[in-house]
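Read off the chains here:
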Amino acid sequence: MTLSRYGFIVKAADLELFKHHGRIKSEGFDLAVSGVSTLEEAIMAAQEMLTRRIELIELCGGFTAEEEAAIREAINDHVPLGRAVSRPEDQGRIHWN
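Attention in this report is confined to the structure presented alongside it. (Residues numbered from 1 in each chain as written. Predicted model: local features only at pLDDT ≥ 70, side-chain atom pairs only at ≥ 80, totals over all residues. Heavy atoms only, no water.)

## Concerning unusual backbone geometry
Turning to step 1, where the next piece is worked out: Phi angles above zero are rare outside glycine, and Asn76 is one such case at about 55 degrees.
Turning to step 2, where the next piece is worked out: Examined against the element boundaries, Asn76 turns out to sit in the loop between α2 (65-74) and β5 (81-83).
Turning to step 3, where the next piece is worked out: With a phi angle near 50 degrees, Asp77 is a residue other than glycine that sits in the positive phi range.
Turning to step 4, where the next piece is worked out: Judged by its relative accessible area of 48%, Asp77 falls in the partly exposed class. (Helix = DSSP H or I, 4+ residues; strand = E, 2+ residues; numbered from the N terminus. Buried < 20%, exposed > 50% of the residue type's maximum accessible area, 1.4 Å probe, protein only.)

Pasting the structure below:
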């Protein structure tokens, strides 16, 4: 089965789940984007994405491996979940809030 419904969750200190969200949609592509500031909001966003039949969820690099694991557990590993990770040589150039 070809994937066509994606979710992306971005994390920053001043984002609010119910205020910062959007969608990019075409005939063959559907991307739901949610902005969050906490792990709890990220879990709610991921669970809500499941109700929209999202087939794959990606997390921005601002999430830790531990947060990724907590989100995976909260959605019962229902869909694939990934996390953007920068190359080791770029890690020092990134300053997460």
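And the narrative resumes.
## Details of the sheet that holds strand β3 (residues 30-36)
Turning to step 1, where the next piece is worked out: What the five strands build is an open sheet, ordered β2-β3-β1-β4-β5; its pairing is mixed. Among the strands making up the open sheet, the edge pair consists of β2 (21-25) and β5. Here the strands of the sheet are splayed against their neighbours by 20 degrees on average, with no regard to which way each runs.
Turning to step 2, where the next piece is worked out: As judged from the three bridges shared by strand β4 (residues 56-59) and β5, these two strands associate in the parallel manner. Considered in β5, the bridge of Leu59 is made with Arg83.
Turning to step 3, where the next piece is worked out: Across the sheet, α2 touches β1 (5-11), β4 and β5, and the angle it forms with β5 is around 165 degrees. (Pairing = 2+ DSSP bridges. Axes fitted to C-alpha atoms, helices over the stretch in contact; angles between N-to-C directions. Contact = heavy atoms within 4.5 Å.)

## A few points about the pattern of salt bridges
Turning to step 1, where the next piece is worked out: Per the counting criterion, the structure on display carries seven salt bridges.
Turning to step 2, where the next piece is worked out: In this structure, the salt-bridge partner of Asp30 is Arg23, at a minimum N-O distance of 2.8 Å.
Turning to step 3, where the next piece is worked out: We classify Arg23 as partly exposed; its relative accessible area is 39%.
Turning to step 4, where the next piece is worked out: Residues joined by salt bridges that share partners form a network here, namely Glu68, Arg72, Asp77 and Arg83. (Salt bridge = Lys/Arg side-chain N within 4 Å of Asp/Glu carboxyl O.)

## Side note on the pairing of β2
Turning to step 1, where the next piece is worked out: Taking burial as the measure, the five residues of β2 include zero buried ones, a minor fraction of the element.
Turning to step 2, where the next piece is worked out: Relative to β3, β2 is paired through five bridges, and the arrangement is antiparallel. When the sheet's bridge partners are listed, Gly22 is paired in β3 with Val33.
Turning to step 3, where the next piece is worked out: Taken together, β2 and the strand that follows it, β3, pair antiparallel across an intervening segment of four residues.

## As for the environment of Lys25
Turning to step 1, where the next piece is worked out: Secondary-structure assignment places Lys25 in strand β2.
Turning to step 2, where the next piece is worked out: Sequence spacing of Lys25 and Ser4 is 21 residues, and the spatial spacing of their C-alpha atoms is 9.8 Å.

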